[in-house]
Amino acid sequence: MEKLKNIAVFASGNGSNFQAIAEASIKGILKAELKLLVCDSPRAFVLSRAKKFKVQTFLINARDYPNKEDFEDEIIRNLKAEKIDLIVLAGFMRILSPYFIRQYENRIINIHPALLPSFKGAHAIKDAFDYGVKLTGVTVHFVDEKMDHGPIILQEALRVRDKDSLESLEEKIHKLEHKIYSQAINLFLSGRLRIRGRRVHKIIL
Ligand code: GRF
């Protein structure tokens, strides 16, 4: 049997996407081994989830390092030790430097709870809801040096109903995220994605 590729999830908070990825990996839906959680916040709930799923965790506090490069080097050392093939950002509340991104060029993906390029930033679901959009959704994209910007791998739209509240919309968005993130990871790991400028093509092998 072919060896599964190794992924690391980076998260800072709740970790519902981390959990969905861990569950998909156990069920064999995700064709990857979830090797490592990288977390930058000691109070994050994702830490309890990782414990429950027995996923190795690297907890790192930026304040323990004199500068961003040393902080990121320490993360990179851990990723290399675990031979990580793909970095999956899932609510990681920190901008990775161009230095870090170059080390894992086109091997870092992020999920965003809106249809990019609309509603970038940390409050996308609320911003879209307050704006009154009729359609919103979820985007999975490669990470480049600009925030919520890299080439798009997958997008799925969701209709906002008149009866939706912010809470019901959040719930629907998260459910959709949990479904499409594993799909995007599988696509990447199958080696079928080709980046052509801003476009990501799925080739047939
Ligand atoms: C998700 O909505 C994701 O799109 C965004 O951060 C949120 C993380 O949620 N980048 P969780 O921690 O996975 O529950």
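One can find the structure itself at the top, above this paragraph.
To keep things clear, this report deals only with the structure shown in the data block.

**A short note on the pattern of salt bridges**
- One pass over the structure, following the stated rule, counts 6 salt bridges.
- A salt bridge links Glu 82 to Lys 35; its shortest N-O distance comes to 3.7 Å. Here Glu 82 is found in the loop between helix 3 (68–81) and strand 4 (86–89), whereas its partner Lys 35 is found in strand 2 (residues 32–39), with 47 residues between them in sequence.
- For Glu 156, the salt bridge identified is with Lys 179, shortest N-O distance 2.9 Å. Taken together, the residues span a long stretch of sequence, with Glu 156 in strand 7 (residues 152–159) and Lys 179 in helix 6 (residues 166–189) at a distance of 23 residues.
- Since its relative accessible area comes to 27%, Glu 156 is described here as partly exposed.

**Looking at the side chain of Asn 6**
- By secondary structure assignment, the location of Asn 6 is in strand 1 (residues 5–11).
- Judged by relative accessible area, which is 5%, Asn 6 ranks as buried.
- Side-chain polar atoms of Asn 6 contact the side chain of Lys 3, separated by 3.5 Å.
- If near-sequence neighbours (up to four positions away) are discounted, Asn 6 is found in contact with Glu 33, Lys 35, Glu 82, Lys 83, Ile 84, Asp 85 and Leu 86.

**A few points about the pairing of strand 4**
- Every second residue of strand 4 is oriented toward a common face, with Leu 86 and Val 88 on one face and Ile 87 and Leu 89 on the other, all of them buried.
- Bridge count between strand 1 and strand 4: 4 bridges; the pairing is parallel. Across the sheet, Ile 7 pairs through a bridge with Leu 86, a residue of strand 4.
- As paired strands, strand 4 and strand 5 (residues 108–112) are joined by 3 bridges and run parallel to one another. What sits directly across from Val 88, in strand 5, is Ile 109.
- On the question of chirality, the crossover connecting strand 4 to the parallel strand 5 by way of helix 4 (residues 98–103) is right-handed.

**Notes on the pairing of strand 2**
- The element strand 2 is largely enclosed, with a buried count of 6 among its 8 residues.
- Note that strand 1 and strand 2 share 7 bridges and pair parallel. In the strand pairing of strand 2, Ala 8 is matched with Leu 36.
- Traced from strand 1 through helix 1 (residues 16–27) to strand 2, the parallel crossover comes out right-handed.
- As paired elements, strand 2 and strand 3 (residues 57–59) share 3 bridges and run parallel to each other. When the sheet's bridge partners are listed, Val 38 is paired in strand 3 with Phe 58.
- Crossover strand 2 to strand 3 through helix 2 (residues 46–52) is right-handed.

**Overview of helix 5 (residues 124–131)**
- The set of residues buried in helix 5 consists of Ala 124, Ile 125 and Ala 128. Buried residues of helix 5, seen end-on, are gathered within an arc of 100° and therefore sit on one face of the element.
- Gly 132 sits one or two positions beyond helix 5 and adopts a positive phi of about 85°.

**Some points on the sheet that holds strand 3**
- One open sheet accounts for 7 strands, arranged 3-2-1-4-5-6-7; its pairing is mixed. Looking at the sheet topology across the chains shown, the edges are occupied by strand 3 and strand 7. The sheet shows a mean angle of 20° between the axes of neighbouring strands, taken without regard to direction.
- Sitting on the sheet, helix 1 touches strand 1, strand 2, strand 4 and strand 5, and the angle it makes with strand 2 is about 160°.
- Helix 6 rests against strand 1, strand 2, strand 4, strand 5, strand 6 (135–142) and strand 7 of the sheet, and its axis sits at about 155° to strand 7.

Reading the values: rules and limits
Residues numbered from 1 in each chain as written. Predicted model: local features only at pLDDT ≥ 70, side-chain atom pairs only at ≥ 80, totals over all residues. Heavy atoms only, no water. Salt bridge = Lys/Arg side-chain N within 4 Å of Asp/Glu carboxyl O. Helix = DSSP H or I, 4+ residues; strand = E, 2+ residues; numbered from the N terminus. Buried < 20%, exposed > 50% of the residue type's maximum accessible area, 1.4 Å probe, protein only. Polar contact = N/O pair within 3.5 Å; in protein donor to acceptor, adjacent residues only side chain to side chain. Contact = heavy atoms within 4.5 Å. Pairing = 2+ DSSP bridges. Right-handed = clockwise from strand over helix to strand, strands pointing away. Arc of directions from axis to C-beta. Axes fitted to C-alpha atoms, helices over the stretch in contact; angles between N-to-C directions.

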